[in-house]
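# Structural description and commentary
Chain by chain, the residues run as shown.
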Amino acid sequence: PVALSAHVLSTTSHDPEAFTEGFVIVGDFLYESTGLEGRSSVRRVAPATGAVLQSTELPADLFGEGLTSLGEDRLVQLTWTEGIAIVWDRNTLTEVGEHRYEGEGWGIATLDDGDLIMSDGSDRLTVRDPHDFSVLGSWTVARDGGPADQLNELEWDGEHLWANRWRTDEIVRIDLRCHRIDGVLDASQLRKRAAADAAPGHRIDVLNGIAHVPGTDEMLLTGKDWPTTFRVRIDAR
């Protein structure tokens, strides 16, 4: 894999109490999934300011995870161990359905053909039908010279799949044609900047949250309980 670097173009505020699990831009808005039992939500956020415009809480016994677009006006949000994928009306953030699945839910993204791709915290990815969540295929991600496990939040940019690796500062770029990691971003400098931006006594958690800005080669990156979202361009060093 090539070594990648993130060039920060701008920053915006991010809710420091948001335990970010999913991040996706659809239309004019950023949508965010937050986790932890009793604190999980799905939110509509203003990308330019980070202001939370609308938020719907999940039932207290559900732990929200990855989030992606589903068709023209739907979102789908995973839950960690409950095996429930919640379908939301994107315009109202009201629940309109659900799907069931086996195993853990971590990250999810929508591919160009509408199929969904999902992570479970391991080095395996699963492709699912967007209509009924049935499994269409799965494979193991490979990496030369390093681990490919703990794949978490996912984002598809039209060419590559990007993934946070939980408990690390790495964002990996995956080529879906060969199922291999072809680029690795060390985002430790972003974590350090977010920690410096935090209020005294506030501890940030791990990097998590990747949203491709449509029509550009830029990304929004953040983390769990971070006070900052970074708009970046990712290039080879």
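Below is a short write-up of the structure. Bear in mind that the values here come from a model prediction, so they are computed numbers and not experimental data. (Residues numbered from 1 in each chain as written. Predicted model: local features only at pLDDT ≥ 70, side-chain atom pairs only at ≥ 80, totals over all residues. Heavy atoms only, no water.)

## Re the pattern of salt bridges
The tally for this structure, following the rule as stated, stands at 16 salt bridges. Residue Asp144 is joined to Arg180 by a salt bridge in which the shortest nitrogen-to-oxygen separation is 2.5 Å. With Asp144 in the loop between strand 13 (135-140) and strand 14 (151-156) and Arg180 in strand 17 (residues 180-186), the pair connects residues that are 36 residues apart, well separated along the chain. Under the relative-accessibility criterion, Asp144 is labelled exposed at 53%. Residue Arg180 is classed as partly exposed on the basis of its relative accessible area, which comes to 32%. With a closest N to O distance of 2.7 Å, Asp169 and Arg191 form a salt bridge. (Salt bridge = Lys/Arg side-chain N within 4 Å of Asp/Glu carboxyl O. Helix = DSSP H or I, 4+ residues; strand = E, 2+ residues; numbered from the N terminus. Buried < 20%, exposed > 50% of the residue type's maximum accessible area, 1.4 Å probe, protein only.)

## Quick word on the packing of aromatic side chains
The full count for this structure, using the stated rule, is five aromatic pairs. Aromatic pair Tyr101 and Phe133: ring centres 5.7 Å apart, planes at 40°, arrangement tilted. Note that Tyr101 is positioned in the loop between strand 9 (95-100) and strand 10 (108-110) and Phe133 in the loop between strand 12 (124-128) and strand 13, a separation of 32 residues in sequence. The burial state of Tyr101 is the same as that of Phe133; both residues are buried. Taking the ring centre of Phe29 as reference, the NZ or CZ of Arg44 above it sits at 5.5 Å. (Phe/Tyr/Trp six-rings, centres within 6.5 Å; stacked < 30°, edge-to-face > 60°. Lys NZ or Arg CZ within 6 Å of the ring centre and 35° of its normal.)

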